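Okay, here's what each chain looks like letter by letter:
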Amino acid sequence: MIIARVIGNVWATRKEESLRGLKFLVVQPVVMKYKETGEVYLEGRGDTLVVGDRIGAGETEIVMIASGSSARQSLPDTHIPVDAMVVGIIDKETFESGCGV
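The protein chain appears in an unreviewed UniProt entry as Ethanolamine utilization protein EutN from Sporomusa malonica. Here the protein chain is described in UniProt, under the heading Subcellular location (unreviewed entry), as follows: "Carboxysome".

So, in structure tokens, the structure goes:
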């Protein structure tokens, strides 16, 4: 799975029929880094992705992304042309109370 920050939304009025009703987000994959004090922070890494979302993630939230065939397993129809889906919203407080170095 990929950890990412939601940075925007995508609207497409013309799309494959099987994608109707699916919300799309733009996300930036992130990695956890540690300051010398042991405090955790998230740093963007890699290219942005467009992902499907059925659980209602919003901008700035940290999410878990499943990709490939695993992403389609979260959909009622596994033949939908999607290769990345939000499968969880991470509570930011869980990160910030994490471990030090």
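Additional details are given in the paragraphs that follow.
Draft legend 1. Main features of the pairing of strand S3 (residues 40–44). As paired elements, strand S2 (residues 23–34) and S3 share 5 bridges and run antiparallel to each other. Residue pairing in the sheet places Val31 in a bridge with Glu43 of S3. Counting the residues in the hairpin turn of S2 and S3 gives 5 residues, including Gly38, whose phi is positive at 95°.

Draft legend 2. Expanded view of the pairing of strand S1 (residues 2–10). Looking at chain direction, S1 and strand S5 (residues 62–67) are connected through 4 bridges and run antiparallel. What sits directly across from Ala4, in S5, is Val63. Pairing analysis gives 6 bridges linking S1 to S2, with the strands arranged antiparallel. Bridging across to S2, Gly8 finds its partner in Val26.

Draft legend 3. Quick peek at unusual backbone geometry. Positive phi, normally seen in glycine, also occurs at Thr60, with a value near 75°. Note that Thr60 resides in the loop between strand S4 (49–53) and S5.

Draft legend 4. Summary view of the confidence of the model for the protein chain. Per-residue pLDDT for the protein chain has a mean of 88; in total, 91% of the residues score no lower than 70. Taken element by element, the predicted model of the protein chain shows its lowest mean pLDDT in helix H2 (residues 92–96) (67) and its highest in S1 (96).

Draft legend 5. Region of interest: the nonpolar core. Of all hydrophobic cores here, the largest spans 10 residues; its members are Ala4, Val6, Leu25, Val27, Val51, Ala57, Val63, Ile65, Ala84 and Val86. Going through the elements one at a time, S1, S2, S5 and strand S6 (84–90) are the ones with two or more residues in this core. Residues within four places of Val27 in sequence aside, it is in contact with Ala4, Arg5, Val6, Ile7, Thr48, Leu49, Val51, Val63 and Ile65. Residues Leu22, Ala71, Leu75 and Met85 belong to the second largest nonpolar core, which totals 8 residues.

Draft legend 6. A look at the pattern of salt bridges. Enumeration over the complete set of coordinates arrives at 4 salt bridges. As a salt-bridge pair, Lys23 and Asp53 come within 3.6 Å of each other at their nearest N and O atoms. In this pair, Lys23 sits in strand S2 while Asp53 sits in strand S4, placing the two residues 30 residues apart along the sequence. Salt-bridge contacts for Lys35 lead to Glu39; the nearest nitrogen and oxygen are separated by 3.8 Å. Among the residues examined, Lys35 registers a relative accessible area of 40% and is labelled partly exposed.

Reading guide: rules and limits
Residues numbered from 1 in each chain as written. Predicted model: local features only at pLDDT ≥ 70, side-chain atom pairs only at ≥ 80, totals over all residues. Heavy atoms only, no water. UniProt positions renumbered as here; feature names shortened; annotations may be inferred. Pairing = 2+ DSSP bridges. Helix = DSSP H or I, 4+ residues; strand = E, 2+ residues; numbered from the N terminus. pLDDT = per-residue confidence, 0-100. Core = buried A, V, L, I, M, F, W, Y, C linked by side-chain atoms within 4.5 Å. Buried < 20%, exposed > 50% of the residue type's maximum accessible area, 1.4 Å probe, protein only. Contact = heavy atoms within 4.5 Å. Salt bridge = Lys/Arg side-chain N within 4 Å of Asp/Glu carboxyl O.

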